[in-house]
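Here is what each chain is made of, one letter per residue.
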Amino acid sequence: ETGVTQTPRHLVMGMTNKKSLKCEQHLGHNAMYWYKQSAKKPLELMFVYSLEERVENNSVPSRFSPECPNSSHLFLHLHTLQPEDSALYLCASSPRGEVLTDTQYFGPGTRLTVL
Amino acid sequence: QKEVEQNSGPLSVPEGAIASLNCTYSDRGSQSFFWYRQYSGKSPELIMSIYSNGDKEDGRFTAQLNKASQYVSLLIRDSQPSDSATYLCAVNMGGSQGNLIFGKGTKLSVKP
């Protein structure tokens, strides 16, 4: 256990559904991240929050909407997804919010299937 | 295009041998480099981080960085079957607040 939890662990949704992924870190870290891991593709950084401010958005479609209400919690709101969005969504946190050198600790991921 | 390249493998080594995993990256200004291990169906876990040229050793693991050649490697000594996993190279290529780019990973298989 890394101290980063994610719920749900598995999610199946239709293209018209709205759902949210939740991430919580118990490490006292200042930065949190969302990643997407698809089969045969590298891990892709989606969003970065440092001290609850979004500092990176790597051209992610608007059907993915992050929310960071405090430094311990991170959400990814999903709306009108496509089948190609099916993937493992990983949350990570890091201590100082210094993204260039911080070590990131990953949660177990949410396996998302879009029908 | 910022890229991190790894041989996808599988790399197969006998138990007790040295496994050598290699990674090249495109951005010469990159500052920090990480190796993650990912078991099948699990999330990545950090093995090593390295920031300056040369070698960094931690137990059976040694990370090697050569910024001039834009090359980072991971050596695993006395490989064990439990080391069988996919190893992800990640490079932080800077940007407004950093941009961690991952390679596709190298699958390592250690045969008893």
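Before going further, it helps to examine the overall build of chain A. What chain A contains, in helices and strands, is zero helices and 11 strands. Start at the N end of chain A and walk to the C end: the helices and strands fall as β-β-β-β-β-β-β-β-β-β-β. In terms of C-alpha radius of gyration, chain A reaches 13 Å, essentially the compact-globule figure of 13 Å for 115 residues. Split by element, the accessible area of chain A, about 5300 Å² in all, is 50% carbon and sulfur. A distance of 10 Å separates the average location of the 11 positive side-chain charges in chain A from that of its 11 negative side-chain charges.

All names here are of chain B. Reading across the sheet, the five strands line up as 1-3-8-7-6 and stay open at both edges, with antiparallel pairing between neighbours. For this open sheet the edge positions go to strand 1 (4-6) and strand 6 (54-58), each flanked by a neighbour on one side alone. Neighbouring strand axes in the sheet, compared pairwise and without regard to direction, differ in orientation by 20° on average. Judged from the six bridges that link them, strand 3 (residues 19-25) and strand 8 (residues 71-76) form a sheet pairing that is antiparallel. When the sheet's bridge partners are listed, A19 is paired in strand 8 with I76.

Residue and element names in this part refer to chain A. As for its placement among the helices and strands, Q6 is situated in strand 1 (residues 4-7). Under the relative-accessibility criterion, Q6 is labelled buried at 3%. Within polar-contact distance, the side chain of Q6 engages the backbone oxygen of Y89 at 3.0 Å. Here the side chain of Q6 touches C91 through a polar contact of 2.9 Å, landing on its backbone nitrogen. Look past the residues within four positions of Q6 in its chain and what remains in contact with it is K22, C23, W34, Y89, L90, C91, G107, P108, G109 and T110.

Rules of the game
Residues numbered from 1 in each chain as written. Chains lettered and ligands numbered in written order. Predicted model: local features only at pLDDT ≥ 70, side-chain atom pairs only at ≥ 80, totals over all residues. Heavy atoms only, no water. Helix = DSSP H or I, 4+ residues; strand = E, 2+ residues; numbered from the N terminus. Rg over C-alpha atoms; globule rule 2.2 N^0.38 Å. Areas by Shrake-Rupley, 256 points an atom, 1.4 Å probe, with all protein chains shown as cover. Lys, Arg positive; Asp, Glu negative; His and termini not counted. Charge placed at Lys NZ, Arg CZ, Asp CG, Glu CD. Pairing = 2+ DSSP bridges. Axes fitted to C-alpha atoms, helices over the stretch in contact; angles between N-to-C directions. Buried < 20%, exposed > 50% of the residue type's maximum accessible area, 1.4 Å probe, protein only. Polar contact = N/O pair within 3.5 Å; in protein donor to acceptor, adjacent residues only side chain to side chain. Contact = heavy atoms within 4.5 Å.

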